[in-house]
Amino acid sequence: MDSSKTQFNKDGYLIIKNFFNQEVLRKIYTDARKLFAVQIKRILGKTVDINNKDEFEQAMFDFFEADFNAFVNTGKQTQHLISMHRLGTDEKILSLLKELGYEFPTIAVRPAMQFNSRYLSKGGSHWKLGAHQDWRTGQGSLDSMVLWFPLVDCGEDLGSLQIIPSSHKDGLMKADTSGYLGSIQEEISDEKYVQTEFEAGDLLIFSAFLIHRSGNNITQNIRWSIQLRYNNIGEETFQERGFPMPYIYKPEENLVTPDFPQKEQLEQVFA
Ligand SMILES: O=C(O)CCC(=O)C(=O)O
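Described in the following lines is the structure provided in the data block.

Conventions used here
Residues numbered from 1 in each chain as written. Predicted model: local features only at pLDDT ≥ 70, side-chain atom pairs only at ≥ 80, totals over all residues. Heavy atoms only, no water. Core = buried A, V, L, I, M, F, W, Y, C linked by side-chain atoms within 4.5 Å. Buried < 20%, exposed > 50% of the residue type's maximum accessible area, 1.4 Å probe, protein only. Helix = DSSP H or I, 4+ residues; strand = E, 2+ residues; numbered from the N terminus. Near = heavy atom within 4 Å. Polar contact = N/O pair within 3.5 Å; in protein donor to acceptor, adjacent residues only side chain to side chain. Areas by Shrake-Rupley, 256 points an atom, 1.4 Å probe, with all protein chains shown as cover. Pairing = 2+ DSSP bridges. Axes fitted to C-alpha atoms, helices over the stretch in contact; angles between N-to-C directions. Contact = heavy atoms within 4.5 Å.

## Considerations on the nonpolar core
- Counting residues in hydrophobic clusters, the biggest one holds 58 residues, and the most contacted among them are Phe-36, Phe-56, Ile-93, Met-113, Phe-149, Ile-205 and Trp-224.
- Here this core takes 7 residues from helix α2 (residues 22-44), the largest share from any one element.
- Counting residues in hydrophobic clusters, the runner-up holds 7 residues, among them Ile-164, Ile-184, Ile-188 and Tyr-193.

In structure tokens, the structure reads:
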């Protein structure tokens, strides 16, 4: 067996240094900040320099406090960035999946971007996830995989991911279904976790059964990261289970902006 596959099967993860093209990651990071800058201008009335990290991130926190709803929706827009979706179909990723045993990869769920900071949380679990296995939410192929990577250099202080090597073979743990991804109920001792560290461009790829949790971001900065998830159509039980798709994606029943648009606005758009 190929050595990276042997290693992956044994540990349940690989960290690959310098996997991504820096330019490509920079473009995604820039697009995400530009999206927020548009709404920061509208809500806070100021133009922020997205390259001035502290100033920009303080404006993110102010925006979060000033209009939570618009902030959440802007966060949702980041999940739809074309630059990020394009990366999700990159040949380099597909080759890696093939090397790790995929015959026929599919995208398990939309790519996700996270911006973790205690100052972007209303006490919920989003900014800091407890121990979990992604398989519980995805329920895809048994060899379902997650690609996790930061858009910025990221170590312990920024709350980089903590993983338990080889835990992917422990089976599906009991978990509550509350919160974003559900937390494992069983007490797990802190010593079992390995703290990951990255430079922007590095990749962590792990089995959807690997137990992991967020680290503690003790800084004043935001931890920007992306998660891409894949299933293997060639995996037998996935076929036998009829390709479960537990993610629910549906439109709002009512107009989000009441009484919008007016006929005149459309006439103006199409003039
Ligand atoms: O980035 C994080 O803090 C947690 C992400 C995570 O655990 C996941 O997406 O499964």
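Okay, back to it.
## Some details on the site of the ligand
- Among the 13 residues in the neighbourhood of the ligand, the closest are listed as Asp-134, Trp-148, Ser-214, Arg-223 and Arg-229.
- For the ligand, an oxygen atom lies 2.8 Å from a polar atom in the side chain of Asp-134.
- Within the side chain of Ser-214, an N or O atom sits 2.6 Å from an oxygen atom of the ligand.
- Surface burial for the ligand is 100%, taken as the share of its 290 Å² of free accessible area covered by protein chains.
- Residue assignment for the shell around the ligand shows that the elements contributing at least two residues are β2 (105-116) and β8 (223-232).
- The leading source of residues in the shell around the ligand is β8, at 3 residues.

## What to know about the sheet that holds β8
- Here 5 strands make up an open sheet; going across it, the order is β1-β6-β3-β8-β2 and the pairing antiparallel. Of all strands in the sheet, those with a lone pairing partner are β1 (13-16) and β2, marking the two edges. Taken over all neighbouring pairs, the strand axes of this sheet differ in orientation by 15 degrees on average, direction set aside.
- Of the pairings in the sheet, the one linking β2 to β8 comprises 9 bridges and is antiparallel in character. Bridging from a neighbouring strand, Val-109 pairs with Arg-229 of β8.
- On top of the sheet, α2 reaches β2, β3 (145-150) and β8; it is set at about 115 degrees to β8, its chief contact.

## Some remarks on the pairing of β3
- Counting buried residues along β3, 6 of its 6 residues qualify, which places the element largely inside the surrounding structure.
- Burial along β3 is two-sided: Met-145, Leu-147 and Phe-149 facing one way and Val-146, Trp-148 and Pro-150 facing the other are all buried.
- Two elements, β3 and strand β6 (residues 203-207), share 4 bridges in a ladder whose sense is antiparallel. Paired with Trp-148 across the two strands is Leu-204, which belongs to β6.

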